[in-house]
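Descriptive structure summary
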Amino acid sequence: MSNQDLPPLREVINAHGLFASKALGQNFLFDEQLLSRIAAIPGRLKDQNVLEVGPGPGGLTRALLRAGAKVTAIEMDKRCMAPLGELAEAFPGQLTVIEGDALKIDHATLFDGEPYAILANLPYNVGTALFTGWLSGEAWPPRWASLTLMFQQEVAERIVAQSGSDAFGRLAILSQWRAAPKIAMKVHRSAFTPPPKVMSAIIHVKPGDMPEGVSARMLERVTEAAFGQRRKMLRQSLKGLPGALEALETLGIDPSRRAETLSVAEFVSIAKILSV
Ligand code: SAM
């Protein structure tokens, strides 16, 4: 089969008896135009390395391969191996499929140390766990060049939330302190088969500069304490963290403020003082 005459995705699903499994969080995308628009979000992919997590029957994978990407795809559903194998044949040398759980595979060993874009349409819990893992840790910049990930719209809004809003919290700070997340596209629930209960949105993240002298772990501890009791004043929520109240004083941050009123930069400044 050449890549010109791939069968429609619905036929692939039927031919392989790939009914969507609820346990694996499967909601498939079949609209090839929509899939090519998603594949275009990271920019030009010709000869670029791409890690796709959860390719399922391979809708987004096709779009990535057509854009000329060199794709490694991790999928844990055995039933998807046959259709993904057909795609690998249609795009010789462009697709490597790994059968397994993306949460258990060490992504750092992929692509021989070269940078890669990550794309995924995953169940909510797996997507969020991978996302926080990719954004955590002291080593920065990361090996990945960009993240393009489908989330429930509510989660996407928490990722890009600005200080002062109800959605602003630990996820926003983790996502924004050394990267620039954007909502690249909203996706209506009716675009999926079967349609999920809620609307979705695609987040696109590129790594930015890491502020000097700040430990990622310390920032994590500060935000954990501050948002652990988000309705409380900082003087209460941060009192268990040694040096935090003194840091507020040094920075001229009023300790009667609540966590959600602080900017990302203010959290970074507190963590910086505590990191020394
Ligand atoms: N990318 C396809 C699409 O857009 O039509 C499928 C999306 S479906 C929402 C999520 C896919 O992720 C499923 O194929 C599921 O089997 C796979 N998946 C779920 N958990 C996974 C995990 N921990 N590791 C790898 N794949 C996983």
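Structure: above.
Heads up: these notes are all about the structure in this document. (Residues numbered from 1 in each chain as written. Predicted model: local features only at pLDDT ≥ 70, side-chain atom pairs only at ≥ 80, totals over all residues. Heavy atoms only, no water.)

When helices and strands are tallied, the protein shows 11 helices and 9 strands. If you line up the protein on its principal axes, its C-alpha atoms span 70 × 40 × 30 Å. Residue burial in the protein is summarised as follows: out of 276 residues, 47% are buried. Taking as baseline every contact in the protein between residues at least 6 positions apart, the subset at least 24 positions apart corresponds to 67%. Approximately 13,200 Å² of the protein is accessible, and the part contributed by carbon and sulfur atoms is 53%. Across the protein, the mean location of the 30 positive side-chain charges is 6 Å away from that of the 28 negative side-chain charges. (Helix = DSSP H or I, 4+ residues; strand = E, 2+ residues; numbered from the N terminus. Buried < 20%, exposed > 50% of the residue type's maximum accessible area, 1.4 Å probe, protein only. Contact = heavy atoms within 4.5 Å. Areas by Shrake-Rupley, 256 points an atom, 1.4 Å probe, with all protein chains shown as cover. Lys, Arg positive; Asp, Glu negative; His and termini not counted. Charge placed at Lys NZ, Arg CZ, Asp CG, Glu CD.)

Attention now moves to the environment of Ile203. Mapped onto the elements, Ile203 comes out in strand S9 (residues 200-207). Measuring from C-alpha to C-alpha, the distance between Ile203 and Ala179 comes to 12 Å, with 24 residues separating the pair along the chain.

It is worth spelling out the sheet that holds strand S6 (residues 144-152) at this point. The 7 strands lie next to each other as S4-S3-S2-S5-S6-S9-S7, forming an open sheet whose pairing is mixed. Bordering the open sheet on either side are strand S4 (95-99) and strand S7 (179-187), each of which pairs with just one other strand. Strand-to-strand twist in this sheet, taken as the mean axis angle between neighbours without regard to direction, amounts to 20 degrees. Note that strand S2 (residues 49-53) and strand S3 (residues 70-75) share 5 bridges and pair parallel. (Pairing = 2+ DSSP bridges. Axes fitted to C-alpha atoms, helices over the stretch in contact; angles between N-to-C directions.)

Quick look at the site of the ligand now. If you check the shell around the ligand, you find 21 residues, and the closest are Leu29, Gly54, Glu75, Asp101 and Asn121. Glu75 is positioned with one of its side-chain polar atoms (N or O) 2.6 Å from an oxygen atom of the ligand. Separating a nitrogen atom of the ligand from a backbone N or O atom of Ala102 is a distance of 2.9 Å. When atoms are counted within 2 Å of each cavity's grid points, the one that captures over half of the ligand is the largest pocket. For the shell around the ligand, the elements supplying multiple residues, two or more each, are strand S1 (28-29) and S3. For the shell around the ligand, a count of residues per class yields 10 nonpolar, 7 polar and 4 charged. (Near = heavy atom within 4 Å. Polar contact = N/O pair within 3.5 Å; in protein donor to acceptor, adjacent residues only side chain to side chain. 1 Å grid on protein atoms, 1.4 Å probe; cavity = no way out; pocket = protein on both sides within 12 Å on 5 of 7 lines; lining within 4 Å. Sits in = over half its atoms within 2 Å of the grid points. Nonpolar A, V, L, I, M, F, W, Y, C, P; charged D, E, K, R; others polar.)

Here the focus is the layout of surface pockets. Estimates place the volume of the largest pocket at around 990 Å³. Lining the largest pocket are 44 residues, and of these Gly25, Gln26, Asn27, Leu122 and Pro123 sit closest to its centre. Taken together, the elements giving at least two residues each to the lining of the largest pocket come down to S1, S2, helix H3 (59-66), S3, helix H5 (124-135) and S6. Of the residues in the lining of the largest pocket, the class split is 26 nonpolar, 13 polar and 5 charged. By volume, the second largest pocket is sized at about 290 Å³. (Points joined across faces, edges and corners; volume = space filled by probe spheres on them.)

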